[in-house]
Structures are given as C-alpha cells and as structure tokens.
Amino acid sequence: MKKTVIYLLILLAFACRKQAEYTLSGTLHTDGNTVVETLGIQTPDTLFTITADSSGHFSVAVPSPKAAFCHLFGVASTGGERRQFSTPVALHPDTPTHLDFHLTDSQIRISATDPDNRTLQAFREWSLAKSRTLWSNPPAETDIASHLALFPSEAQRIILREHPGKATADYLATWANIECLNLANGLFYGKMPASIASHLPSVPKTLDVPYWTLFYSSELYIIEHLQQSAPEPEAQLALLQKEFRTPSLREKVTRRIIENYVRQRSFSEEHLARLDKLCHDQPDKEQLLQQFRDKRYASPGAPLPDVVFEDREGKEHRLSEFAGKYIYIDLWASWCGPCVAEVPHLQKLEKELRRRDVAFVSISLDTKRANWEQKMDQLHMHGNQWIVRDEAFANMMNIKGIPHFLLYGKDGKLMVYKAPRPSHPAWQEELRTL
C-alpha cells in the first residue's frame, strides 16, 4: 500500500511538472516618440492581449501550448504613423523567456539572449531585409527561384552559428519555407508560372507540424494544395487524410472543406445527400444539414421564409403579412456605404410607384439596434423598416454581400434572387409594369 501511494505521488508530481505554464517576459524600450498601442500573444490554439507597465515591462504566463512556440504581435505608432510588428517566440518550461524590444521612429528591433530566440531573431531580421529588397526591386522571373532558395540556406547558416535546440531548428526550417511560399505567391498574384511552382517547398511537408496555425495563410495554402490535386470535396478529404498527420490540421481543414461545400453549392436533394456523407463525423452534422436545407429559400420559386423580424417599436412582423402582393426587399446595414447610397432611390421609387400591390420592405442586418435607429433618423427612412433578430435569415438566404435586393411574386414565390438596385433606371420601369 505504501509503495502504491509513493508511486501515485511521483506520477502526480510528474504530471504537474508537465503541465507547468510557460513564462514570457519582455521590456519595451522606446525613444519617447513611439507608443506601443497593441501587444498580444497567439499560441496554436489561443489568442490574448498583454499590457506592459509604466516602465515598459511585461511578464505573462502562457498556457501550455501543444507546441513550445507562440507568436507575439503588436502595433507601434510614431507621430501618427502606425507600424505592425510580430515575431515567433520559443518557450521553455523550466526557464522564463525574455525579449527586449527596441522601438524607434526608424526601426523595430527585437533581441534575446537564449540560443533558440537568438536564432529566430537573426532570421527575422535577415528575412525582413531580404523581403523588402525583393518587393521593392522584383528580380527577373528567371532569377526568382535562386532568390527564394536563399531563405532555407540562410536558415541553415544561422542554425549552424547559433546552435539552437532541434525543435527550434525544425521550426526555423518551416518558417523559411513559408517565406518562400509567401513571396512567390505575392510576386505573381496567384498566377504562378510552372517554372517557379516546381521550385517551391512541398505544402504537406512544410505545414504538417503542430504549430501550423502560427504561420499566416497556412490554411489557405493547404486548401489550395488540395483543390489543385482534387477538385471534388470527397477527394480533398481523402487526400487530406493521406498527406497530413497533425490532428488539429486535419480537423480544421476538414471543417473548411465542408463549409466551402455548404457555401458554394446551390440547394438540391443530390447536393444534400453528398453533404450528409461529407459531414458524417461532424458533431453538429444536423445543424450543417439544416443550414444547407435553408438555402432552398434562395432558389427561384422558393416560398417566403417564415422568419420573425421587428420594427422600431419592437413589434413582430413576418413577410407573409404582404400575401397577394409583390414584395421588393432591401437587405442593408447602417455601416454599408453602398446600401446607404441606395436608400434615397428606394424611398423615391416607393413614393412614385403608388401601387397598392407592391410592398417595399427594408430589412436591416445590423447587429447593434442603436446604429440602425440612428441611421434611419439620418436618412429620414419611412415605410416598412425591420431588423433581423440574428444571423439566421442572412444564412438562410445565402447572402454574401449587401446591398442585396429580392423580389417576390403575388403567390409568395421568389421571382428574382438578385434583383437590380432601385437606382437602376430600367429596373424602375420594370417594377412599374409588373
């Protein structure tokens, strides 16, 4: 019995040691004209902001991440000019990690004393300088491959000089490859020549790591890689399982493939059946299926959605109130400039049409009721002014952007899903001849 208790205590102590938080501290050294407006930390699965004290010092406990790296980011301003900065940070469970930030009106330099973070900062400075040169003076297409090859070779040179741990050396190799992908895609704006693409790092080999989310655009590169090799979602999911092993990557990218399917496909029973198979292991499968079923309301001939809206006084309304009439619906929001620009045209059209069998309804997608009410007052809006209660209506109607106009017939069936704006002269005349 005594041996069992001792064994359990040893296991408990070991577990506590493994679950210890990482400590990250830093000091912000500024020239008096520079102010750090924002400072935050991103781990593979969390994001939070931090605050330095009056002397520019901060110290935070970083929740134990799945990988011993995080990303520190911030915004510094000097005389109204704002500059973003970011850096990866290697964390150590037994030793606090400390960084010194030197921020002036001309540069942002980050220094560290431990080998791992010295390695990362050395590559950061070299990479920023090299990238600036390539962006300002793009090389000839025939020379780009050789310039991109400098990133992984420089990473290896720094590793040999600084002697970081294996984990940091592996991280830096991944980072160097990501820089190659970023520059190549940026220089060619998505129209990558085959001669360059063949020299780029392999996406699966580069991003199949626990800290993949710390690299900007990583999910986009993975999705593009899958789509190029497998146009259909079923094949994309199979390829994802074959080429990637990281659980968090598989889970998140699987979700993105399914969400893309829901967003891009129009409703049909065939597409619904495919979706049922695609999301068979998703915990919210029924919600996904229902979300897709709701898209039938965005198809010509679809019935009026049975959704409850509210007017300014809080009274509930449904579109079925206008049964037997044509219904011209404006989906808008107070923050949408093009939406606001259409309001005078809509109000004028409603006033001039003077037909009892055409109902005009403006439905706001604002999430803040006060903003909606204030904008209505500013624009002197009249008539049927309603607001949604949540995002369900926009999702149901598959709304991707506003302003968006709908036209329903007297039978309550959708006539035009993307109706012209009221400022369109030909559309004004068409409404008059319904």
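As the structure is a prediction and not an experimental result, all values here were calculated from the model.

1. Here's the deal with the confidence of the model for the protein
Segments scoring low in pLDDT should not have their predicted coordinates read at a detailed level. Here the protein averages 89 in pLDDT, and 94% of its residues register 70 or above. Looking over the protein, one finds the lowest element-wise mean pLDDT in helix α1 (residues 2-18), namely 44, and the highest in helix α9 (residues 233-243), namely 97. Low confidence marks residues 1-18, where pLDDT is under 50. Its contacts with residues over four positions away, or in another chain, come to one contact.

2. A few points about the side chain of Thr213
For Thr213, the position within the fold is in the loop between α7 (203-207) and α8 (218-229). In this structure Thr213 comes out as buried when scored by relative accessible area, which is 19%. What Thr213 contacts, discounting residues up to four positions off in sequence, is Gln42, Pro44 and Ser218.

3. Remarks on the sheet that holds strand β3 (residues 47-49)
Overall, antiparallel pairing links the four strands, which are arranged β3-β2-β5-β6 in an open sheet. The two strands at the open ends of the sheet, each matched to only one other strand, are β3 and β6 (81-90). Each neighbouring strand pair of the sheet contributes to a mean axis angle of 20 degrees, computed without reference to strand direction. The pairing of strand β5 (residues 69-78) with β6 spans 10 bridges and is antiparallel. Among the inter-strand pairings, His71 is bridged to a residue of β6, identified as Pro88.

4. As for helix α5 (residues 166-188)
Look at α5: 34 Å from first C-alpha to last across 23 residues, which is about the 33 Å you get at 1.5 Å a residue. Counting buried positions along α5 gives 17 out of 23 residues, so the element sits mostly inside the fold. Just beyond α5, the residue with positive phi is Tyr189, at close to 50 degrees.

5. With respect to empty space enclosed by the protein
In this approach the atoms are scanned with a rolling probe the size of a water molecule, which exposes any empty space left behind. The tally for this structure, following the rule as stated, stands at one cavity of 30 Å³ or more. Together, Leu346, Gln347, Glu350, Phe360, Val361, Ser362, His382, Gly383, Asn384 and Gln385 line the largest cavity. For the lining of the largest cavity, the secondary structure elements donating two or more residues are α13 (337-353), β12 (358-364) and β13 (384-387). Of the residues in the lining of the largest cavity, the class split is three nonpolar, six polar and one charged.

Conventions and cut-offs
- Residues numbered from 1 in each chain as written.
- Predicted model: local features only at pLDDT ≥ 70, side-chain atom pairs only at ≥ 80, totals over all residues.
- Heavy atoms only, no water.
- pLDDT = per-residue confidence, 0-100.
- Helix = DSSP H or I, 4+ residues; strand = E, 2+ residues; numbered from the N terminus.
- Contact = heavy atoms within 4.5 Å.
- Buried < 20%, exposed > 50% of the residue type's maximum accessible area, 1.4 Å probe, protein only.
- Pairing = 2+ DSSP bridges.
- Axes fitted to C-alpha atoms, helices over the stretch in contact; angles between N-to-C directions.
- Expected span 1.5 Å × (residues − 1).
- 1 Å grid on protein atoms, 1.4 Å probe; cavity = no way out; pocket = protein on both sides within 12 Å on 5 of 7 lines; lining within 4 Å.
- Points joined across faces, edges and corners; volume = space filled by probe spheres on them.
- Nonpolar A, V, L, I, M, F, W, Y, C, P; charged D, E, K, R; others polar.

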